[in-house]
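Commentary on secondary and tertiary structure
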Amino acid sequence: MASRALFPCTCAEAAQALIGLDLNEMDPLERARLEAHLAECLACRGQSRFLERIRANLEIKPTQNSAAPPRVPSSLADAVQARRFLVRTRSAEPRRPALRLVLGAAAVAAFVLAAPRLLPDGAPDTSEPAAPTGPARARPDSHLVQATPKMLDSLTSVAGRGRDSLAAPSLSRGSETGDSI
Amino acid sequence: MSEHEPSDEVLLARVGQGDNPAFDQLYARYHGRLLHYFARMLGADRAPDLLQEVFLKVISSSTAFDGRGGFRTWLFTVAHNICCNEYRHVEVRRRGIEAQRRALVPGATVSAADERVELADFGSALQAELARLDPDRRSTFLLRFQEGFGLEEIGRVMGCPVGTVKSRLFYTTRLLAERLQAFDPRADEEVRHG
């Protein structure tokens, strides 16, 4: 057996161990230190024995009928059955949140599909005849600022997109560099 | 519990779905321990009612259990809280009874702490001394030495730091050792021959 001097254990450490740990919870070195101390210290050995006696008295001893399962009171069995009814009732209700999710997804899909028709695109509209070139005429939208090529260039340098893609469709047909809004 | 039996947490989840056999299994595992705990905390006559109360809470809160600390810790936390509530009611009743006693016997100054318990065997004396303890210290002691909970687990059940758990245990073991010294003949022998 290793020399006990290699594993000094104080009474305070022993008391901590006896209170806080079970012997089978200790690692082998800790257990060896404690047992070595208990072999030498009358007071700590007495406390260890006292606590073991308490454990033995508090231990829940099996009764004669311990093999048979205990009878569950009817009030508790009823409470569990009520729980089952509650779960089934909730599962039978219409799943409104799920329905909202489905409708929402359908709305988003419809919007996405219709978006090309609603949003302005970059392609020139060839359905209307081109506006005649020449002096500008008074137009209903003449109060709006007309984008000049310089403005478009500065915008494209930021967005990194071609000028043509930024040009909005004209209210009346105009040239690419002219009357676009 | 063998390896093939479902864990407490699995059974609890099934109880949440209204599974009676799962509840029966859970009840069988813990009803004895809880009965003893309540009997030592509040007396054998109250234990069955409190046992029912704790399992009703288990059923109603079965889906609220988040799994932290394990089912056993959660169960005894509920049991401990029930004890705390019961102590508040008992204290109110005790003060009322004490007031009645004083009214009937003028000048009586007997208090529970002063009464010495003379009992024949260590086990009975231990029960009696535990009953005299402060409820928090008694609960801490029972959770450690009856239920075998670790210090951290006791702290979680009682909502206090590990340091508080340790100090309560130290105090209680020292107190019990003093009060039950007469029942340990081997200690006396060692003192004589040591």
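Everything numeric here is computed off the predicted structure, so don't read it as measured data. (Residues numbered from 1 in each chain as written. Chains lettered and ligands numbered in written order. Predicted model: local features only at pLDDT ≥ 70, side-chain atom pairs only at ≥ 80, totals over all residues. Heavy atoms only, no water.)

1. Comments concerning the overall build of chain A
- Within chain A one finds seven helices and zero strands.
- Relative to its full complement of 181 residues, chain A shows a buried share of 22%.
- A separation threshold of at least 6 residues defines the contact pool for chain A, and within that pool the share at least 24 residues apart is 57%.
- In the structure as shown, chain A presents an accessible area of about 13300 Å², 61% of it carried by carbon and sulfur atoms. (Helix = DSSP H or I, 4+ residues; strand = E, 2+ residues; numbered from the N terminus. Buried < 20%, exposed > 50% of the residue type's maximum accessible area, 1.4 Å probe, protein only. Contact = heavy atoms within 4.5 Å. Areas by Shrake-Rupley, 256 points an atom, 1.4 Å probe, with all protein chains shown as cover.)

2. Concerning the overall build of chain B
- Each helix and strand in chain B was counted, giving nine helices and zero strands.
- Looking at the 194 residues of chain B, the share that counts as buried comes to 41%.
- For chain B, contacts bridging at least 24 residues in sequence account for 61% of all contacts bridging at least 6.
- On chain B, roughly 10300 Å² of surface is accessible, and the fraction owed to carbon and sulfur atoms is 52%.

3. Description of the interface of chain A and chain B
- Of the residues lining the interface, 32 residues belong to chain A; the matching set on chain B comes to 47 residues.
- Carbon and sulfur atoms make up 65% of the area that chain A and chain B hide from each other, which totals about 3400 Å².
- On the chain A side of the interface with chain B, the three residues burying the most area are A:Ile19, A:Leu58 and A:Arg83, jointly 20% of the side's total.
- Between chain A and chain B we count zero salt bridges in total.
- At the boundary of chain A and chain B, one finds 10 residue pairs in polar contact (both at pLDDT 80 or more).
- If you list the elements that add at least two residues to the side of chain A that touches chain B, you get α1 (11-20), α3 (42-58) and α4 (74-92) of chain A.
- Looking at the side of chain A that touches chain B, the element that brings in the most residues is α3(A), giving 11 residues.
- Counted by class, the side of chain A that touches chain B contains 18 nonpolar, six polar and eight charged residues. (Buried area = accessible area lost by both parts, 1.4 Å probe. Salt bridge = Lys/Arg side-chain N within 4 Å of Asp/Glu carboxyl O. Polar contact = N/O pair within 3.5 Å; in protein donor to acceptor, adjacent residues only side chain to side chain. Nonpolar A, V, L, I, M, F, W, Y, C, P; charged D, E, K, R; others polar.)

4. Observations regarding the packing of aromatic side chains
Residue and element names in this part refer to chain B.
- Tallied over the full model, the rule gives 12 aromatic pairs over all chains.
- Arranged with centres 6.0 Å apart and planes meeting at 35°, the rings of phenylalanine 23 and tyrosine 27 form a pair that is tilted. Residue phenylalanine 23 and its partner tyrosine 27 are both found in helix α2 (residues 20-42); the two are separated by four residues, about one turn of the helix.
- Classification of phenylalanine 23 as buried rests on a relative accessible area of 0%.
- Assessed through its relative accessible area of 4%, tyrosine 27 is described here as buried.
- Note on tyrosine 37 and phenylalanine 76: the rings are 5.6 Å apart at their centroids and 80° apart in plane angle, and the pair reads as edge-to-face. Residue tyrosine 37 is located in helix α2, and its partner phenylalanine 76 is located in helix α4 (residues 70-104); the two are separated by 39 residues in the primary sequence.
- Note on tyrosine 37: relative accessible area 0%, which makes it buried.
- For phenylalanine 76, a relative accessible area of 0% gives the class buried.
- Three or more aromatic residues joined by ring pairs make a cluster, and in this case those are Tyr30, Phe65, Phe71 and Trp74.
- Stacked on the ring of tyrosine 171, the Lys or Arg arginine 137 has its end atom at 3.8 Å from the ring centre.
- For arginine 144, the ring lying beneath its charged end belongs to phenylalanine 145, and the centroid distance is 5.7 Å. (Phe/Tyr/Trp six-rings, centres within 6.5 Å; stacked < 30°, edge-to-face > 60°. Lys NZ or Arg CZ within 6 Å of the ring centre and 35° of its normal.)

5. Topic: α3(A)
- Taking 1.5 Å as the rise per residue, α3(A) with 17 residues should run 24 Å; its terminal C-alpha atoms sit 24 Å apart, in good agreement.
- By the burial criterion, the buried members of α3(A) are A:Cys44, A:Gly46, A:Ser48, A:Phe50, A:Leu51, A:Ile54, A:Arg55 and A:Leu58.
- Structurally, α3(A) contributes buried residues whose contacts are with α1 and α2 (28-40) of chain A together with α2, α5 (122-132), α6 (135-145) and α8 (162-179) of chain B. (Expected span 1.5 Å × (residues − 1).)

6. Topic: the state of the cysteines
Residues and elements named next belong to chain A.
- A full pass over the atoms with the stated rule returns zero disulfides over all chains.
- As a non-bridged cysteine, cysteine 11 has cysteine 41 as the owner of its nearest cysteine sulfur, 3.7 Å distant.
- Take cysteine 11: its relative accessible area is 40%, and that puts it in the partly exposed class.
- Free cysteine cysteine 44: the closest other cysteine sulfur is in cysteine 41, separated by 3.6 Å. (Disulfide = S-S within 2.5 Å.)

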